[in-house]
Amino acid sequence: MDMLKIERAIISVTDKTGVVELARFLFGHGVEIVSTGGTQKALEEGGVPVVPVSSVTGFPEILGGRVKTLHPAIHGGILANKDDPLHMQTLLERQIRPFDLVCVNLYDFSGAVERKLSLPQAVEEIDIGGPCMLRAAAKNFHSVLVLPSPEWYAPAMDELRARDMHAGLELRQLMACRAFDATSRYDSLIASYLRP
């Protein structure tokens, strides 16, 4: 599809720069916002109504927050090809609602390295759910807009404002590229740190 209407977003970020402004913009244009943990708290404190991820999954965060978004109700909603009737039928049958926008940035692993944390402490700073959501949204850029960094919030809002809350394919493909750049750099940093 060339133009994607943004109606539902999931937002889960470590770097909170600009995220309240983005969420206010989205909510002000009728977008439902699903969020997790610290991001949910920041958005609610900023006056933005949020649906907790646990309400979508029907399952609480477990293992000290290691498992929050790794659930079919999240990834099915991100990975469904909206142009594929079978995908959309599956979502309907499974009562999964699709996402149109995924705004995620990753745990600050480089900061953990700079702080010279112990190996077990540093390992806890390795993000799992974030890269999964970024990669899923980037893979499915024909049906999802992914925002992997605060630097892209303003350009995305400009486009959505100008296009009646629709994101064009060119922007979605560019953001997919940036998301894969982000996960690639992240994995390279972790690999370098863990290398014996």
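Look up: the structure comes first, before these words.
The paragraphs below set out a description of the structure included in this document.

The rules behind each value
- Residues numbered from 1 in each chain as written.
- Predicted model: local features only at pLDDT ≥ 70, side-chain atom pairs only at ≥ 80, totals over all residues.
- Heavy atoms only, no water.
- Pairing = 2+ DSSP bridges.
- Helix = DSSP H or I, 4+ residues; strand = E, 2+ residues; numbered from the N terminus.
- Right-handed = clockwise from strand over helix to strand, strands pointing away.
- Buried < 20%, exposed > 50% of the residue type's maximum accessible area, 1.4 Å probe, protein only.
- Contact = heavy atoms within 4.5 Å.

So, on to the pairing of strand β3 (residues 32-35). Direction of pairing for strand β2 (residues 8-12) relative to β3: parallel, over a ladder of four bridges. Note that in β3 the partner of A9 across the bridge is I33. Between the parallel elements β2 and β3, the chain passes through helix α1 (residues 19-28) in a crossover that is right-handed. Here β3 runs beside strand β4 (residues 51-52); their pairing, made up of two bridges, is parallel. Residue pairing across strands places V34 opposite V51, the latter belonging to β4. A crossover links β3 with its parallel partner β4, the connecting element being helix α2 (residues 37-45), and its sense is right-handed.

Quick look at the side chain of T69 now. Relative to the helices and strands, T69 is located in the loop between α3 (53-57) and α4 (72-79). Since its relative accessible area comes to 5%, T69 is described here as buried. Ignoring any residue separated from it by four or fewer positions in sequence, one finds T69 in contact with T36, V53, I74, H75, G129 and M133.

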